Amino acid sequence: SGWANIVQVAGIDTHVLGLTSDGVVLTAGASSYAPTSGWWGGVVQIAVGSYHSLGVKSDGAVLAQSQFTQEITGVTGWTDIVQVAAGHRISLGLKADGTVVGAAANGINMWTDIIQISAGYGHVVGLRADGTVVGAGKNSLGQITGLDALTDIVQVAAGQNYTAALRADGTVACVGDFNTEGPTAGSGFSEVLQIAAGNNHILGLLANGQVVAEGNNSGSKVSIPNTWTDISLGQYYDINGITSIDGIPVSMEVRAHEAQAGGLLFKTQSDANGDYTLRLPRWYTAYVMAIPPAGHRPKCHGPITKPDDIQV
């Protein structure tokens, strides 16, 4: 109640944070794990763990709040951070150079070329710029087994005892203790733009603004209310264009790559008139590459920057 101009939300069983468009963090739930409502300013991204909260500031510094110290030891000294992730007594920070730092997280020192991170109950995962995935930490239920075989991945999400990975084609793969080994056929997990992993369930945001779910909710299947429509990634912007060969519009695959690290973000297919639209989250600057039929060279343009009215 009273939350407005929200561009990101993050929550767990103890507390919830909401990030406003002007960089203020709002809170609900257990106050010992979260900052006082409106305390943080200039924040561009938030994350919550079991007993702590993290926020990235526009200058790459990190804010942290917790009732304990294990998960936030040294965090406030991190620099050049572009994303944070929080799990069960774990904190991760992704640096601008593609390396990762952590508190209470082991096995990440050799990670490079990372463009996105996620933390679960006892394991952590990272997405490389080439669309492959790395993992470290607890693996008693196979939550990181098989990650190295995944390809063409655009987002990772660590649940309690499993890891979910979103492919560029909008489908989802899971490893670990997830009762279906990932969303089942017919569950609606297609044309997925974003995923979120919970203890025993997974959510998928579809391109049409609807949300689908798979997993258990106190012994029964998770059910999404009919009122969940027009859900977005937060602030985003569209890239529009026309694919053509020798001036003649042709349908072909179009890919958006993150401008700094080069990782594949999203891909789509232009229609018969060559028209396409790619929707990107507000924090991405991208190159766009059109993949023509055999015998023609791919065409690339960019970097394409977000409009001035979208603040990061």
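Source: prediction; values computed, not measured.

A. Examining the layout of surface pockets more closely. Reported here for the second largest pocket is a volume of approximately 430 Å³. Every residue lining the second largest pocket is counted, 18 residues in all, and those nearest its centre are Leu193, Ala207, Phe266, Lys267 and Thr268. Within the residue set of the lining of the second largest pocket, elements represented by two or more residues are strand E14 (162–167), strand E16 (192–197), strand E24 (264–269) and strand E25 (275–281). Ranked by residue count, the leading element in the lining of the second largest pocket is E24, at four residues. Of the residues in the lining of the second largest pocket, the class split is eight nonpolar, four polar and six charged.

B. Here's a closer look at the packing of aromatic side chains. One pass over the full model with this rule turns up one aromatic pair. Between Tyr51 and Phe68, the ring centres sit 5.4 Å apart and the planes meet at 80°, which makes this aromatic pair edge-to-face. Of this pair, Tyr51 sits in the loop between strand E4 (43–48) and strand E5 (52–57) while Phe68 is found in the loop between strand E6 (62–66) and strand E7 (81–86), placing the two residues 17 residues apart along the sequence. Residue Tyr51 is classed as partly exposed on the basis of its relative accessible area of 26%. A cation over an aromatic ring shows up here: Arg89 above the ring of Phe68, its NZ or CZ 4.6 Å from the ring centre.

C. Region of interest: the confidence of the model for the protein chain. Predicted confidence across the protein chain gives a mean pLDDT of 85, with 89% of residues reaching 70 or more. Per-element confidence in the protein chain is highest for strand E12 (residues 133–137), whose mean pLDDT is 97, and lowest for strand E19 (residues 220–221), whose mean pLDDT is 69.

D. Broad picture of the sheet that holds E7. Strand order in the open sheet formed by three strands is E7-E8-E9, with antiparallel pairing between adjacent strands. Both outer strands of the open sheet, E7 and strand E9 (100–103), are each paired with one neighbouring strand and no more. Looking at each pair of strands side by side, their axes are set apart by 20° on average, direction ignored. Where E7 and strand E8 (residues 91–95) come together, five bridges link them in antiparallel fashion. Note that in E8 the partner of Ala86 across the bridge is Ser91.

E. Representation of the side chain of Thr132 within the structure. For Thr132, the location among the structural elements is in the loop between strand E11 (123–128) and E12. A distance of 2.6 Å separates polar atoms of two side chains, one belonging to Thr132 and the other to Asp130. Apart from residues no more than four positions distant in its own chain, Thr132 is found in contact with Gly126, Leu127 and Leu150.

F. Inspection of the pattern of salt bridges at higher detail. By the definition in use, this model includes two salt bridges. Across the pair Glu71 and Arg89 runs a salt bridge whose closest N-O atoms are separated by 3.0 Å. With a gap of 18 residues between them, Glu71 in the loop between E6 and E7 and Arg89 in the loop between E7 and E8 connect regions that are remote in the sequence.

G. Region of interest: the pairing of E11. Where burial is concerned, most of E11 is hidden: five out of the six residues are buried. Sheet topology places strand E10 (residues 114–119) next to E11; five bridges connect them, and they run antiparallel. Residue Ser118 lies in a different strand from E11, and its bridge partner there is Val125. From the end of E10 to the start of E11, which pair antiparallel, there are three residues. Bridge count between E11 and E12: five bridges; the pairing is antiparallel.

Quick notes on the rules
Residues numbered from 1 in each chain as written. Predicted model: local features only at pLDDT ≥ 70, side-chain atom pairs only at ≥ 80, totals over all residues. Heavy atoms only, no water. 1 Å grid on protein atoms, 1.4 Å probe; cavity = no way out; pocket = protein on both sides within 12 Å on 5 of 7 lines; lining within 4 Å. Points joined across faces, edges and corners; volume = space filled by probe spheres on them. Helix = DSSP H or I, 4+ residues; strand = E, 2+ residues; numbered from the N terminus. Nonpolar A, V, L, I, M, F, W, Y, C, P; charged D, E, K, R; others polar. Phe/Tyr/Trp six-rings, centres within 6.5 Å; stacked < 30°, edge-to-face > 60°. Buried < 20%, exposed > 50% of the residue type's maximum accessible area, 1.4 Å probe, protein only. Lys NZ or Arg CZ within 6 Å of the ring centre and 35° of its normal. pLDDT = per-residue confidence, 0-100. Pairing = 2+ DSSP bridges. Axes fitted to C-alpha atoms, helices over the stretch in contact; angles between N-to-C directions. Polar contact = N/O pair within 3.5 Å; in protein donor to acceptor, adjacent residues only side chain to side chain. Contact = heavy atoms within 4.5 Å. Salt bridge = Lys/Arg side-chain N within 4 Å of Asp/Glu carboxyl O.

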